[in-house]
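Report on the structure
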Amino acid sequence: MADAGLWQQDAAAGGSRWLEGEAVPAGAWALVHGERQLTIEFETEHVAKCLPSWERAGEIVRLDMYGKPTRLNPQQAVRIRQVWTPEARRV
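Residues numbered from 1 in each chain as written. Predicted model: local features only at pLDDT ≥ 70, side-chain atom pairs only at ≥ 80, totals over all residues. Heavy atoms only, no water.

**Observations regarding the environment of Thr85**
Keep this limit in mind: By the criteria applied, helices consist of DSSP H or I runs no shorter than four residues and strands consist of E runs no shorter than two, each listed in order from the N terminus. Residue burial is assigned from relative accessible area. The probe radius is 1.4 Å, only protein chains are included, and a residue is buried under 20% of its type maximum, exposed over 50%, and partly exposed in between. Whether two residues are in contact is decided by their heavy atoms: any pair within 4.5 Å suffices.
Structurally, Thr85 is set in strand 7 (residues 82-88). A residue is classified by how much of its surface remains accessible, and Thr85, at 27% relative accessible area, is partly exposed. With 55 residues separating them along the chain, Thr85 and Ala30 place their C-alpha atoms 9.2 Å apart. Discounting residues that sit within four places of it in the chain, Thr85 has contacts with Gln37, Leu38, Thr39 and Glu41.

**Brief notes about the sheet that holds strand 4 (residues 36-42)**
Adjacent strands of a sheet pair through backbone hydrogen bonds, lying either parallel or antiparallel. The condition is simple: The rule for pairing is simple: two strands pair if DSSP sees at least two bridges between them. For every element, the axis is a line fit to its C-alpha atoms; helices are fit only across the contacting stretch, and the angle between N-to-C directions ranges from 0 to 180 degrees.
Here we have three strands laid out as an open sheet, ordered 3-4-7, and antiparallel in their pairing. Strands with a single pairing partner mark the edges of an open sheet, and in this sheet they are strand 3 (28-33) and strand 7. When strand polarity is set aside, the average angle formed by the axes of neighbouring strands in this sheet is 15°.

**Remarks on the pattern of salt bridges**
Our working definition: Basic side-chain nitrogens of Lys or Arg form a salt bridge, by our definition, when they fall within 4 Å of a carboxyl oxygen of Asp or Glu.
Applying the stated criterion to the full structure yields one salt bridge. Ionic pairing is found between Asp64 and Arg62, a salt bridge with its closest N-O pair at 3.0 Å.

This is how it looks when you write it as structure tokens:
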């Protein structure tokens, strides 16, 4: 995935940040660590908000997605499809 200048870096030791509305990634986000990158692509149709959280000391990162409120009938389901792609990067 090409860098369209939309990636953000955060040097904080830990934290989290709610992304809602126009701040929700437009179908993809990525984790970058040195020469490694994990890109996660998803369909935005059912995603209401995202919550990236991290803790540098424990090397823990979570990328949570939350669906839009949807009324379902019995036997109906909502699926948020994700495609995870690990890649090597040139630094």
